[in-house]
Amino acid sequence: MVDLSACDRVWINATLATQSIDSTEPYGVLNDALIGVREGRITHIESMSNLDVEALQGLDVQDVQGRWITPGLIDAHTHLVYSGSRAKEFEMRLQGATYEEIAKAGGGILSSVQHTRAASFEQLLTESVPRLQALMAEGVTCVEIKSGYGLDLETELKLLRVARHLAQLFPVRISTTLLAAHALPPEYKDRSDAYIDFICDELLPLAVAEGLVDAVDVFCESIGFSAAQSERLFQAANRYGLGIHIHAEQLSQQHGAALAARYGAWSADHLEWLDEEGVEAMKAAKTQATLLPGAFYFLRETRLPPIDLLRTHQVPMVVATDLNPGTSPFASLRLAMNMACTLFRLTPEEALAGVTRHAASALGMGESLGQLRPGFLADFVVWDVQHPADLAYQCGVRAVYQRIFNGEISHA
């Protein structure tokens, strides 16, 4: 019989979607199970048949009466901290203006930069809180937050500080990414190489010294930064031991995903123009493919990411919101799951893996998050749903029964 005496808290009579890489069952299902936790980590995943009820005496026992439990959801690609609205650009796009046309006219990212530079730390924090709370209310326990709406030293560091501070205020894990190479700021007009020098030589060292950054990212596109410039950022990231992400192959084929994979990138994101060579490079490097259906939907794109190629080569697919003011203003990971299924034809099982197990790997946390298994961090969600497929099927209806972060019930 299982010994639970060392546990702080135990959840019993649960149906688990463990997302375990060791399981051969769909969703990693384990019926009639229990979870024991101690000091913020899972200590036990057991069948109830192994339980002697006397072992529960004196413990904090949560009887979930057959409810489903999954790992906490992970949103592995967001631009959550920013100021200002771009609803006017939404109107322009509906009237026929393209993403490139808006960007070249000084709109797009630079519009958000103007508002974000003018905002104080306190204003950015205040505006970011409702977005984070919306994700948490859906069962999200870990969020990646990128900078990229400052494009100068002061504001980029301010954005990262706000992101770090959010993790001090709320029960959520936050991974921070320096995306200063998001667009070329007006101060560096026609001097993109000099701007990359600034990021590598001035901004990145300060962000690292202050403990503000876990990874770097770059918008590698014909209207962004070249593959050669992206490579310089990756070399700098490697020197500091940081993770690597890339915005790649969203609008054109720049072979950015293959380049990032050669540098051991955690993820390559968007990928509508990804070719088989890029897929093979990602497979070899264990680089996750982060799909962002919100941006695909909002921009009314028609070229789908190569889902079948990713499946054939067994490249893990992540699903994320891409929460941002210009191209994916959606603070709902479950909506992103639904879009991944309806627009990209992922299965609900693939979508759930994409916001748990694979999302954890995309943030360099695959050894501690994203699965229900002993030794992993005790971040999970108890759901009022009939089946895990419901999480991708329906949006907007409260489904969280309990949200557990670090072994504590933080939302019930």
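Keep in mind it's a predicted model, so treat the numbers as computed, not measured.

Draft legend 1. Structural view of the domain arrangement of the chain. Domain annotation for the chain reports domain 1 (9-72 + 371-409) and domain 2 (73-363). For domain 1 versus domain 2, the distance between C-alpha centres works out to 30 Å. Taken together, the contact between domain 1 and domain 2 spans 28 residues of the former and 23 residues of the latter. At the boundary of domain 1 with domain 2, total buried surface from both sides reaches about 2100 Å², with 57% on carbon and sulfur atoms. The interface formed by domain 1 and domain 2 includes one salt bridge.

Draft legend 2. Examining the nonpolar core more closely. Among the nonpolar cores identified, the biggest contains 94 residues, and Leu80, Val81, Leu166, Ile199 and Met282 are the most heavily contacted of them. If one sorts the elements of this core by residue count, helix H6 (residues 192-209) sits on top with eight residues. Of the domains in this structure, domain 1 (9-72 + 371-409) and domain 2 (73-363) are the two that each give at least three residues to this core. Beyond its immediate chain neighbours, meaning those up to four positions away, Ile199 contacts Leu178, Ala180, Ala181, Leu204, Pro205 and Leu233. One finds Trp11, Val37, Ala378 and Ile404 within the second-largest nonpolar core, a separate group that totals 15 residues.

Draft legend 3. Main features of the packing of aromatic side chains. The final tally for this structure, using the stated rule, is 11 aromatic pairs. Aromatic side chains Tyr188 and Tyr195 sit 5.2 Å apart centroid to centroid with 55° between the ring planes, which places their arrangement in the tilted category. Grouping residues by exposure puts Tyr188 and Tyr195 together as buried. Ring geometry for Phe298 and Phe330: centres 5.8 Å apart, planes at 80°, overall edge-to-face. Of this pair, Phe298 sits in helix H10 (residues 293-298) while Phe330 sits in the loop between strand S13 (317-319) and helix H12 (333-342), placing them 32 residues apart in sequence.

Draft legend 4. Representation of the pattern of salt bridges. By the definition in use, this model includes 20 salt bridges. Note that Arg67 and Asp384 form a salt bridge whose closest N and O atoms lie 2.6 Å from each other. Placement of the pair is Arg67 in the loop between strand S4 (60-63) and strand S5 (68-71) and Asp384 in the loop between strand S14 (380-383) and helix H15 (390-393), with a sequence separation of 317 residues. Ionic contacts of the salt-bridge type, sharing partners, join the residues Asp8, Arg38 and Glu39 into one network.

Draft legend 5. Focus on unusual backbone geometry. Even without a glycine there, the phi angle at Glu249 is positive, about 50°. Residue position: Glu249 is located in the loop between strand S10 (243-248) and helix H8 (256-262). The backbone phi angle of His255 is positive, close to 60°, even though this residue is not glycine. Along the chain, His255 turns up in the loop between S10 and H8.

Rules and cut-offs
Residues numbered from 1 in each chain as written. Predicted model: local features only at pLDDT ≥ 70, side-chain atom pairs only at ≥ 80, totals over all residues. Heavy atoms only, no water. Domains from an automatic or database assignment. Contact = heavy atoms within 4.5 Å. Buried area = accessible area lost by both parts, 1.4 Å probe. Salt bridge = Lys/Arg side-chain N within 4 Å of Asp/Glu carboxyl O. Core = buried A, V, L, I, M, F, W, Y, C linked by side-chain atoms within 4.5 Å. Buried < 20%, exposed > 50% of the residue type's maximum accessible area, 1.4 Å probe, protein only. Helix = DSSP H or I, 4+ residues; strand = E, 2+ residues; numbered from the N terminus. Phe/Tyr/Trp six-rings, centres within 6.5 Å; stacked < 30°, edge-to-face > 60°.

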